[in-house]
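Residue-level structure breakdown
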Amino acid sequence: INEYDYTAIGYTRVPEYNFSFQAGLNAYGFDFSMLWQGATKVSLTMSNTLMREFLNNGRVQEHHFDRWAYYTNPITGELIDTRSTASYPRLTTTGNSPSWQLNSASLYNGEYLKLRSVELGYTFPKKWTKKMFIDALRLFASGNNLLVFSHVKNIDPEGFGTVREYNYPQTAAYNFGLNITF
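The structure contained in this document is the topic of the report that follows. Here the residue index of a chain counts from 1 through its sequence in written order. Given that this is a predicted model, residues contribute local features only at a pLDDT of at least 70 and side-chain atom pairs are listed and counted only at 80 or more, while totals for whole chains, interfaces and linings are drawn from all residues. Note: side-chain values were computed over all heavy atoms of the structure, leaving out hydrogens and water.

Remarks on the overall build of the protein chain
- Going along the chain from the N terminus, every DSSP run of H or I of four or more residues is numbered as a helix, and every run of E of two or more is numbered as a strand. Tallying secondary structure elements over the protein chain gives 1 helix and 9 strands in all.
- Moving toward the C terminus, one meets the helices and strands of the protein chain in the order β-β-β-β-β-β-β-α-β-β.
- Per-residue burial over the protein chain gives 26% buried out of 182 residues.
- For this analysis, residues touch if any pair of their heavy atoms sits within 4.5 Å. Summarising the internal contacts of the protein chain: among those between residues at least 6 apart in sequence, 65% fall at separations of at least 24. Buried, partly exposed and exposed residues are distinguished by accessible area as a fraction of the type maximum, computed with a 1.4 Å probe on protein chains only: under 20%, between the cut-offs, and over 50%, respectively.

Focus on the pairing of strand E8 (residues 136-150)
- At least two DSSP bridges between two strands are needed for those strands to be called paired. Looking at chain direction, strand E7 (residues 112-123) and E8 are connected through 11 bridges and run antiparallel. The partner of serine 117 across the bridge, within E8, is asparagine 144.
- By the bridge criterion, 9 bridges tie E8 to strand E9 (residues 173-181) in an arrangement that is antiparallel. Among the inter-strand pairings, leucine 137 is bridged to a residue of E9, identified as isoleucine 180.

Remarks on the packing of aromatic side chains
- Note on aromatic contacts: the rings of Phe and Tyr and the six-membered ring of Trp form a pair at centre separations within 6.5 Å, being stacked when their planes are under 30 degrees apart, edge-to-face when over 60 apart, and tilted otherwise. Evaluation of the coordinates by the stated rule reveals 4 aromatic pairs.
- An angle of 20 degrees between the planes, with centres 6.4 Å apart, marks the rings of tryptophan 36 and phenylalanine 149 as stacked. On the criterion of sequence distance, the pair formed by tryptophan 36 in strand E2 (residues 30-40) and phenylalanine 149 in strand E8 is long-range, its members being 113 residues apart.
- Owing to a relative accessible area of 45%, phenylalanine 149 belongs among the partly exposed residues under this scheme.
- With 6.2 Å between their ring centres and 40 degrees between their planes, phenylalanine 124 and tryptophan 128 make a pair best called tilted.
- Given a relative accessible area of 47%, tryptophan 128 falls into the partly exposed group.
- One aromatic cluster is present, built from ring pairs that chain together Phe30, Tyr122, Phe124 and Trp128.
- Whether a charge sits over a ring depends on NZ of Lys or CZ of Arg being within 6 Å of the ring centre and within 35 degrees of the ring normal. Its end group placed over the ring of tyrosine 70, arginine 83 keeps NZ or CZ at 3.8 Å from the ring centre.
- A cation over a ring is seen here: lysine 114 above tyrosine 112, with NZ or CZ 5.5 Å from the ring centre.

Focus on a nonpolar patch on the surface
- Only residues whose relative accessible area exceeds 30% and that take part in no salt bridge are eligible for patches, with like-charged residues grouped when within 9 Å of each other and nonpolar side chains (Val, Leu, Ile, Met, Phe, Trp, Tyr) grouped when within 5 Å. Accessible surface area values rest on a Shrake-Rupley calculation with a 1.4 Å probe, where residue burial reflects the displayed protein chains alone. The salt bridge definition used is simple: a Lys or Arg side-chain nitrogen within 4 Å of an Asp or Glu carboxyl oxygen. Together, Leu25, Tyr28, Phe30, Phe32 and Leu120 make up an exposed nonpolar region whose accessible area comes to about 610 Å².
- Along the chain, tyrosine 28 turns up in the loop between strand E1 (17-27) and E2.
- In this structure tyrosine 28 comes out as exposed when scored by relative accessible area, which is 79%.

Remarks on the pattern of salt bridges
- Scanning all chains against the criterion turns up 5 salt bridges.
- A salt bridge links glutamate 158 to arginine 116; its shortest N-O distance comes to 2.4 Å. With glutamate 158 in the loop between E8 and E9 and arginine 116 in strand E7, the pair connects residues that are 42 residues apart, well separated along the chain.
- Assessed through its relative accessible area of 29%, glutamate 158 is described here as partly exposed.
- Residue classification places arginine 116 among the buried positions, given a relative accessible area of 16%.
- Several salt bridges share partner residues, and in doing so they unite Asp31, Glu119 and Arg138 into one network.

That's the geometry; what it means functionally is another story.
In structure tokens form, the structure reads like this:
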């Protein structure tokens, strides 16, 4: 295998399709709304600290446990042979190893679906609030960035871009409130 065997694999880091869905409902003083957002036909190429062995503070990543291995365990004398079942190349610390070359083992499906926001509220009837000289009274709870459905673990697939190797996951926020109109 040499440079003439290289070919494009997967999709780009820019999704071919972005989509969102918003829904809401109001009935009997209750209101509910939600927003879902996602992307499809997108690939993530993992490298460096996310993919490479021994670069993450010397720890081996979980996906390395299913690596190519053929050696005798020096403690037990047992032959370790995963050549026929391995899904990841041999671990190494050198940059000229196949596990350090860009390949399909470091390419992941970057599709995702996120629950961006949810809000649930209740507006008290005017016959109750006018006794307290209040025009409107609404109690609510809301949340942002609540769920992520993705094929990759440990990273936010949306923020994974060309500038930085990985990003900090988006923070989930929970809010409770009271709206009072006089």
